[in-house]
Amino acid sequence: CLTRRNSMKNPREVNELTARAVRSSNEIGKIVRLHREKANLTQLELAELSGVGKTVIFDIEKGKSTVKLETLLKVFKTLNISMVLDSPIIDSLVLK
C-alpha cells in the first residue's frame, strides 16, 4: 500500500518502541513506519528519498528479516533514526 496516511499510534506506544532495546525485525518495522507517518511520507516517497527500491520500505515495515543492513541504514538516515550498539565488551572499552 503506497498511500499517504496520517494514522499515528498513541504516544505511549511510540515511547515504548523507542525507549527500549529492539529485539526483532518487526519492531524495527514499526519504528520505521511511525517515523515515516510522522514525516507525512508515503512508502514510495520514502523509498525515493532514501535511494532504495519501493518494495524495500514495504518489506522493512512488514518486518522482513532479509533486508540488507546497508539498505536499512539508508532508510534510517532519511528518517533521522540513529542506531546504537551496546554490549558489555563495548562498555569495558569505553571505560579504559
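You'll find the structure just up there.
K.L.:
Give a detailed account of the pattern of salt bridges, specifying residues and quantitative values.
P.N.:
Applying the stated criterion across every chain yields a total of three salt bridges. Between Arg33 and Glu37 there is a salt bridge; the shortest N-O distance is 2.9 Å. Taken together, the positions of Arg33 and Glu37, both in helix α2 (residues 25–38) and four residues apart, correspond to about one turn of that helix. Accessibility expressed as a relative area gives 25% for Arg33, which makes it partly exposed.

K.L.:
I'd like a rundown of the packing of helix α3 (residues 43–50) against helix α5 (residues 69–79), residues and numbers included.
P.N.:
Packing of α3 against α5 brings their axes to within 9 Å, and their N-to-C directions diverge by 105 degrees. As summarised for this structure, α3 and α5 are arranged roughly perpendicular, according to the angle between their axes. Contacts between α3 and α5 involve Leu46, Leu49 and Ser50 from the first element and Lys74, Val75, Thr78 and Leu79 from the second. Classifying every residue of the contact of α3 with α5 by side-chain character gives four nonpolar, two polar and one charged.

Criteria and cut-off values
- Residues numbered from 1 in each chain as written.
- Predicted model: local features only at pLDDT ≥ 70, side-chain atom pairs only at ≥ 80, totals over all residues.
- Heavy atoms only, no water.
- Salt bridge = Lys/Arg side-chain N within 4 Å of Asp/Glu carboxyl O.
- Helix = DSSP H or I, 4+ residues; strand = E, 2+ residues; numbered from the N terminus.
- Buried < 20%, exposed > 50% of the residue type's maximum accessible area, 1.4 Å probe, protein only.
- Axes fitted to C-alpha atoms, helices over the stretch in contact; angles between N-to-C directions.
- Parallel < 35°, antiparallel > 145°, perpendicular 65-115°, else oblique.
- Contact = heavy atoms within 4.5 Å.
- Nonpolar A, V, L, I, M, F, W, Y, C, P; charged D, E, K, R; others polar.

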